[in-house]
Amino acid sequence: MMEYHHADRLHYAVAGTPNLLEYDQGFFVKQGDGAADFKPIAHLYKTQVYQLAESLGVPEEIRSQPPTTATFSLPQTQEEFFFGLPHGPMDLCLYGRNHDVPPAEVAAATGLTAAQVERVYRDIDQKRRTTRPLHLGPLLVRPTPGTDD
């Protein structure tokens, strides 16, 4: 809310930073890190964000920090809390799911078995179903035609 207060006051827009993996899988809070006017890296896989950070000269000490949930006081990574795989293999599985790559091919690239990739595909589909409301825009309430306003 503070970001929006100051953005409105200064005629700015609020930027959000979910990457494709987080955005696709609904790993954000709608009025938390999901609240933004634009999301400039939401089309990039998490591994691409790390590559971008390296090319922009972001210090290694920052790039090497494991992503955390930053929601709970327990020391948990995003992998432990939500994704179940490190971001590299998870990005490959998401890419495979998005481009209809057979699980056996993704398995060869990730070191997983085809059965494990199939489970990841099912998990991706389930998270998409359960987090779909996070991606919806606001609903407008309009009077029914023929009724009093």
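If you're wondering where the values come from, they're calculated on a predicted model, not measured in any experiment.

Basis of the calculations
- Residues numbered from 1 in each chain as written.
- Predicted model: local features only at pLDDT ≥ 70, side-chain atom pairs only at ≥ 80, totals over all residues.
- Heavy atoms only, no water.
- Helix = DSSP H or I, 4+ residues; strand = E, 2+ residues; numbered from the N terminus.
- Expected span 1.5 Å × (residues − 1).
- Buried < 20%, exposed > 50% of the residue type's maximum accessible area, 1.4 Å probe, protein only.
- Arc of directions from axis to C-beta.
- Core = buried A, V, L, I, M, F, W, Y, C linked by side-chain atoms within 4.5 Å.
- Axes fitted to C-alpha atoms, helices over the stretch in contact; angles between N-to-C directions.
- Parallel < 35°, antiparallel > 145°, perpendicular 65-115°, else oblique.
- Contact = heavy atoms within 4.5 Å.
- Nonpolar A, V, L, I, M, F, W, Y, C, P; charged D, E, K, R; others polar.
- pLDDT = per-residue confidence, 0-100.

A few points about helix α8 (residues 114–130)
With 17 residues, α8 should cover 24 Å at 1.5 Å per step; its first-to-last C-alpha distance of 24 Å lies within 8% of that length. Inspection of α8 places V117, V120, Y121, I124, D125 and K127 among the buried residues, and these make up the whole buried set. Looking down the long axis of α8, one finds its buried residues gathered within 165° of arc, a one-sided arrangement.

Let's talk about the nonpolar core
The nonpolar side chains of soluble globular proteins are, as a tendency, buried together. In terms of nonpolar packing, the biggest core is built from 15 residues, with L85, M90, C93, L94, V106, V117 and V120 touching the most fellow members. Sorting the residues of this core by element identifies α2 (20–25), α6 (87–98), α7 (103–110) and α8 as the ones contributing at least two each. Residue contributions to this core peak at four residues, all from α8.

Considerations on the environment of M90
As for its placement among the helices and strands, M90 is situated in helix α6. Residues M90 and V117, 27 residues apart in the sequence, show an inter-C-alpha distance of 9.5 Å.

Focus on the packing of helix α3 (residues 46–55) against α6
Direction vectors running N to C along α3 and α6 enclose 125°, while the axes themselves pass 8 Å from each other. Judged by the angle between their axes, α3 and α6 are oblique. Note on element contacts: α6 touches α3 through H87, G88 and D91, opposite K46, T47 and Y50. Looking at side-chain class alone, the contact of α3 with α6 contains one nonpolar, three polar and two charged residues.

Comments concerning α7
Listing the buried residues of α7 in full gives P103, V106, A107 and T110. End-on, the buried residues of α7 take up no more than an arc of 105°, which puts them together on one face. Looking at α7, the residues exposed on the side facing more than 90 degrees away from the buried face are A104, E105, A108 and A109. Those residues of α7 that are buried lie in contact with α6 and α8. Looking one or two residues past α7, G111 carries a phi angle of roughly 85°, positive in sign.

Observations concerning the confidence of the model for the protein chain
Across the protein chain, pLDDT averages 83, with 83% of residues at or above 70. Per-element confidence in the protein chain is highest for α7, whose mean pLDDT is 95, and lowest for helix α5 (residues 78–83), whose mean pLDDT is 54.

A closer look at unusual backbone geometry
Across the chain, the bulk of peptide bonds are trans and the bulk of non-glycine residues have phi less than zero. Backbone geometry places H11, a non-glycine residue, at a positive phi of 60°. On the basis of relative accessible area, H11 is assigned to the exposed category, the value being 73%. At D100, a position not held by glycine, the phi torsion is positive, near 55°. Turning to its location among the elements, D100 is positioned in the loop between α6 and α7.

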